[in-house]
Every structure is written in structure tokens, then in C-alpha cells.
Amino acid sequence: MSARLEELRTNLAAVHDRIARAAESAGRDPADVDLVVVTKFFPASDVRLLSDLGVSDVGENRHQEAEAKAAECADLPLRWHFIGGLQSNKAAAVARYADVVESVDRASLVGRLDRGAAETAREVEVLVQVSLDPPGRDNRAGVVPEDLAALAAQVDTSPHLALRGLMAVAPLGEDPVEAFRRLAAIRAEFLEQHPSATRLSAGMSGDLEAAVSAGATHVRIGSAVLGSRPGVQ
Ligand SMILES: *Cc1c(COP(=O)(O)O)cnc(C)c1O
């Protein structure tokens, strides 16, 4: 029995427990909150153990690492979520292995993702990433709320992309409860236009409770399952 397997099993159980308690205190069904385990910086051998432990969804944020790991684990019944900043010139390549692209934040990615998906003759699921940063902050990831409707419409009309919902990251240095409250309001308006795009990917190891109480249907958990990431982040 591998020590790493036992460590991952224990950590996964603790995370499932946190999700269940957060859902219950928000009056939600714990079964309505899915776990995406973020495996960035960890080896394909860990992905394999997670799959053995029943994990169905894994997330990666760097194209080269994700592409290699998805290839190494092609025999496993996993859904691959791309959750990182996307360079336009990599978008088509990401769409060839990712099942879900959660970080679509600008129009220039959409045609390229659609082309990559078309090349593999399947539909790629898309979440539009919304910025919760205060206006004017540099290096923001995510579309500003004012531009969300146009971007979502563009995804929605792409033949090989399926608009499933929204993704967001709580800004550093702000109470995530406040940030996710803004997100819930943005989502309510978005759902008026796209009532079937009900997915909301929000919440990480440090703030999953706040995300679940704001309606997250998917939490993206790295370090609470795998431990602290080796090397620089
Ligand atoms: C790394 C990462 C996560 C997971 O973060 P942890 O704090 O390790 O749980 C979630 N979402 C995104 C977008 C990430 O890049």
C-alpha cells in the first residue's frame, strides 16, 4: 500500500467533508458541488492515484504540462479542465485535449478554441472567466463584467464549443465572501441570457466555503489534496 495513495485518500476525504459541511450550512445538496482536483506541478503518477481513488475531474493551468500529462493518462476515465491563462497561439492546441476550458476571457481565443475542437471532431465545454478584480488592476485574469455578455454570446454561437457557465478566482487581498457575492450577482444576470449554462467554478483550497455559499457548482482544489506545490508557483 503506497504511502502517497494513503495521503491522497486522507486529504480527499477531508476536502469532501469540507464541501459537504459548506453545502449543508448553505442549505445546498452536497451532491451539487463537484470537485476538480488541480494537479499542476504534480506528476502523472499522482493523477493515476487520484483516478484510482475515484477522482473524475482534474485541472491544469499550463499548456505544455497539461498536454503531456493528459497524454500519459489517456487510458484513464478523466475529464481535463484547463484553468490557466491561455495564450492565443496555444488555444487550438489546448482544445485538442481539454474537455473543459474554464479560462476563456477574451474574444481572440474563441475562434482558435473552436478550430482546435473541430479538428478533434468533438465539442469542448467552455466556462467564461469573469474578473472580480477592482477596476484598473494590472494583469487581471478574466473578462470585465461589462464585456461578459458579448463574450458569452460569441462562445454560445461557436459550433464546436458548448457554453456551460462561469469561472472566477477571488482577488488576492480581498475577503473572498465579498468577491463571491459580486460573482453571484454577475451570474444571476448571466443566467437570464443563458439559463442552461448553470456551472459556476469558484473556490480553491483556502476559500471553498465562501464559494459554495455563493453558489459554486465546482470547486478547484490543489494543495488541500496534493500538498504544497514543489518549487515556485
Ligand atoms: C492553482 C489553482 C487552483 C488551486 O489552488 P489551491 O489553492 O492549491 O487549491 C485553483 N484555481 C486556479 C485557477 C489555479 O490556478
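Residues numbered from 1 in each chain as written. Predicted model: local features only at pLDDT ≥ 70, side-chain atom pairs only at ≥ 80, totals over all residues. Heavy atoms only, no water.

Going by what an unreviewed UniProt entry lists, the protein is known as Pyridoxal phosphate homeostasis protein and is assigned to Nocardioides aromaticivorans. UniProt, in the comment section headed Sequence similarities (unreviewed entry), describes the protein in these words: "Belongs to the pyridoxal phosphate-binding protein YggS/PROSC family." In its Function (unreviewed entry) section, the UniProt entry covering the protein states "Pyridoxal 5'-phosphate (PLP)-binding protein, which is involved in PLP homeostasis." (UniProt positions renumbered as here; feature names shortened; annotations may be inferred.)

Asks: Would you mind showing me how to read the layout of surface pockets here?
Replies: To locate leftover empty space, one rolls a probe as large as a water molecule over the atoms. Estimates place the volume of the largest pocket at around 820 Å³. Around the largest pocket sit 37 residues that line it, and Lys40, Gln129, Val169, Met204 and Arg220 are the ones nearest its centre. Of the residues contributing to the lining of the largest pocket, the split by class is 14 nonpolar, 13 polar and ten charged. What lines the second largest pocket is Pro145, Leu148, Ala149, Ile186, Glu189, Phe190, Gln193 and His194. Counting only elements with at least two residues in the lining of the second largest pocket, the list comes to α6 (148-156) and α7 (176-193). (1 Å grid on protein atoms, 1.4 Å probe; cavity = no way out; pocket = protein on both sides within 12 Å on 5 of 7 lines; lining within 4 Å. Points joined across faces, edges and corners; volume = space filled by probe spheres on them. Nonpolar A, V, L, I, M, F, W, Y, C, P; charged D, E, K, R; others polar. Helix = DSSP H or I, 4+ residues; strand = E, 2+ residues; numbered from the N terminus.)

Asks: What's the story with helix α5 (residues 107-119) in this structure? I'm lost.
Replies: Counting along an α-helix, one turn takes 3.6 residues, and residues three or four places apart therefore face a common direction. Among the residues of α5, Leu109, Val110, Leu113, Asp114, Gly116 and Ala117 are the ones counted as buried. Looking down the long axis of α5, one finds its buried residues gathered within 165 degrees of arc, a one-sided arrangement. Those residues of α5 that are buried lie in contact with α4 (91-97), β4 (100-104), β5 (124-129), α6 and β6 (161-167). Immediately downstream of α5, the backbone of Ala121 shows phi near 55 degrees, a positive value. (Buried < 20%, exposed > 50% of the residue type's maximum accessible area, 1.4 Å probe, protein only. Arc of directions from axis to C-beta. Contact = heavy atoms within 4.5 Å.)

Asks: Please clarify how the site of the ligand should be interpreted in this entry.
Replies: Contacts to the ligand come from Val38, Lys40, Ile83, Met204, Ser205, Arg220, Ile221, Gly222, Ser223 and Arg229. At a separation of 2.7 Å, an oxygen atom of the ligand approaches a polar side-chain atom of Lys40. A distance of 2.8 Å is found between an oxygen atom of the ligand and a backbone nitrogen or oxygen belonging to Gly222. In the complex, 88% of the free accessible area of the ligand, which totals 390 Å², lies under the protein chains. Of the pockets mapped on this structure, the ligand occupies the largest pocket. Residues belonging to the shell around the ligand are distributed by class as follows: four nonpolar, three polar and three charged. (Near = heavy atom within 4 Å. Polar contact = N/O pair within 3.5 Å; in protein donor to acceptor, adjacent residues only side chain to side chain. Areas by Shrake-Rupley, 256 points an atom, 1.4 Å probe, with all protein chains shown as cover. Sits in = over half its atoms within 2 Å of the grid points.)

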